[in-house]
Amino acid sequence: MEVKVMKNILGENDKIAEENRKLFREKNIFVVNLMGSPGSGKTSLLEKTLSALSEKINVAVIEGDLFTAKDAERIERQNVSVVQINTAGGCHLDAPMISRAAESLDLDKIDLLIVENVGNLVCPAEFDVGENVKAVVLSITEGDDKPLKYPLIFKESAVTLLNKIDLLEFTNFNLESAREDLTTLHPGLKIIETSCTKNLGLEDWTNWLLEQINFPA
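The structure displayed is predicted, hence computed values, not measured ones. (Residues numbered from 1 in each chain as written. Predicted model: local features only at pLDDT ≥ 70, side-chain atom pairs only at ≥ 80, totals over all residues. Heavy atoms only, no water.)

**Concerning the sheet that holds strand E3 (residues 81–86)**
- Spatially, E3-E2-E4-E1-E5-E6-E7 is the arrangement adopted by the seven strands of the open sheet, whose pairing is parallel. Each of the sheet's edge strands pairs with one partner strand only, and the pair in question is E3 and strand E7 (190–193). Strand-to-strand twist across the sheet, computed as the mean angle between neighbouring axes with direction ignored, equals 20 degrees.
- Pairing of strand E6 (residues 159–163) with E7 involves four bridges; the strand directions are parallel. Across the sheet, Val159 pairs through a bridge with Lys190, a residue of E7.
- Set on the sheet, helix H7 (residues 175–185) makes contact with E6 and E7; between it and E7 the angle comes to about 155 degrees.
- In the packing of helix H8 (residues 202–212) onto the sheet, the strands contacted are strand E1 (30–36), strand E4 (112–116), strand E5 (133–139), E6 and E7, and the crossing angle to E7 comes to about 145 degrees. (Pairing = 2+ DSSP bridges. Helix = DSSP H or I, 4+ residues; strand = E, 2+ residues; numbered from the N terminus. Axes fitted to C-alpha atoms, helices over the stretch in contact; angles between N-to-C directions. Contact = heavy atoms within 4.5 Å.)

So this is what it looks like as structure tokens:
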């Protein structure tokens, strides 16, 4: 019975995810599902991303968190449209949540929609929300063992951002080993080394986003 219930839950989610994807496609909106652990630097990366892109394209954000609107308040300061989703303890966003949140956005005025998922390396990867691509942020401070311990999220993502690269010398993170594990799990995976505090690799990331939506860098 448990397997049947799970299949039904995922089946219903996938159905709504396809409806979301169709809507976003009709509106010419490129959607990124941004995932990563709590503290990996997703929101800081998002702030830098918005600062770099907001004068070139129209960007909106859906913020996922268990409680509070702290991250959404940070994003709102970037003068972009943002919708907060509080899951009240839920470990991920799902397609119905995104569908309801999208109703609060003017979809005719959006080129890029970034969904910052709940901080978690497991559940978010399992639920399609109607995105074009998944992206995962892995902080250097989390350790180089994470790709093999949590393989699905790295297999499902089109790009992995190795964040806080400026702290590499202060950790035992093995960059070569991490890169090897990531490319073994996902051949062809785009890997970008970033640091929000030192402004490293951010242009590579934003240029990659612009390439995905066929917009000149």
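**A short note on the side chain of Ser157**
- Relative to the assigned elements, Ser157 resides in the loop between helix H6 (151–156) and E6.
- Reaching out from Ser157, the side chain makes a polar contact with the backbone oxygen of Ile153 at a distance of 2.7 Å.
- Here Ser157 is in contact with Met35, Lys134, Ala135, Val136, His186 and Leu189, once residues within four sequence places are set aside. (Polar contact = N/O pair within 3.5 Å; in protein donor to acceptor, adjacent residues only side chain to side chain.)

**A short note on unusual backbone geometry**
- One non-glycine residue, Asn79, lies in positive phi territory at about 60 degrees.
- Residue placement: Asn79 occurs in the loop between helix H3 (70–76) and E3.

All quantities given are derived from atomic positions and should not be read as evidence of function.
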